[in-house]
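# Analysis of the macromolecular model
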Amino acid sequence: MKRLLLTAMTALLMSVGSAWAGPFEDGAAAYRRGDYASALRMFQSLAMQGSAEAQYNLGFMYDSGKGVAQDYAEALKWYRLAAAQGDALAQFNLGFMYDSGKGVAPNYAEALKWYRLAAAQGDAIAQFNLGVMYDNGRGVTQDYAEALKWYRLAAAQGNALAQGNLGVMYDGGKGVAQDYAEALKWYRLAAEQGNALAQ
């Protein structure tokens, strides 16, 4: 009897779960099902109330042109608001926009600033991108030790690109003593995740 009651309660909760979900979750659900107009309305309302998550999502919608005309200036506006509140995804996306010149003039100093903030929160892609910037001397003095630091942090989180680049660093002795065994280890880890360059 208890099992039947538990099953009935679970089914009831699952059927009304969306009614109990918060406004942000409702907006996210609308986005996932392709109802961008509803998602936009919900995210706009929440963003105006200061929700960093909603601000990030609005930025993403304008960045990708989902449910709205693609508008990088509007995306930057919402990413900046979310990033100022510490949203790591918004910080990364701002870094990427400045790094690639997407909607703004390329500005490596701004890219570094935003990547560093996202990387400090553990964003593996931001850590990888910082590694690339130091590895190539893009916006900073080339510094293989600093590149290795960022690649290692990203690789420890399973980032295949960082693992592959660590392989390259050990293979070529860039910032470390040349070590083919260590290079092979990193190449294998990257290749196991489908990194074609490491294969």
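Everything here concerns the structure above.
Presented here is a report on the structure given in the accompanying data block.

About the thresholds
- Residues numbered from 1 in each chain as written.
- Predicted model: local features only at pLDDT ≥ 70, side-chain atom pairs only at ≥ 80, totals over all residues.
- Heavy atoms only, no water.
- Helix = DSSP H or I, 4+ residues; strand = E, 2+ residues; numbered from the N terminus.
- Expected span 1.5 Å × (residues − 1).
- Contact = heavy atoms within 4.5 Å.
- Polar contact = N/O pair within 3.5 Å; in protein donor to acceptor, adjacent residues only side chain to side chain.
- Phe/Tyr/Trp six-rings, centres within 6.5 Å; stacked < 30°, edge-to-face > 60°.
- Buried < 20%, exposed > 50% of the residue type's maximum accessible area, 1.4 Å probe, protein only.

Relative to the 18 Å expected for 13 residues at 1.5 Å per residue, helix 9 (residues 144-156) spans 18 Å between its end C-alpha atoms, a close match to the ideal helical length. Against the buried residues of helix 9 lie helix 7 (108-120), helix 8 (124-136), helix 10 (160-172) and helix 11 (180-192). Where helix 9 begins, the side chain of D143 points an oxygen toward the backbone nitrogen of A145, at a separation of 3.1 Å. Downstream of helix 9 by one or two residues, G158 has phi in the positive range, about 90°.

This part takes up the packing of aromatic side chains. Considering all chains together, one arrives at seven aromatic pairs under this definition. Ring geometry for F92 versus F96: centroids 6.4 Å apart, planes at 25°, classification stacked. In this pair, F92 and F96 are both assigned in helix 6 (residues 88-100), four residues apart and thus about one turn of the helix distant. Take F96: its relative accessible area is 36%, and that puts it in the partly exposed class. An angle of 35° between the planes, with centres 5.9 Å apart, marks the rings of F128 and Y151 as tilted. Placement of F128 in helix 8 and of Y151 in helix 9 is noted, with a sequence separation of 23 residues between them. Considered together, F128 and Y151 belong to a single accessibility category, that of buried residues. Feature note: the residues Y56, F60 and Y79 constitute an aromatic cluster, connected by ring pairs.

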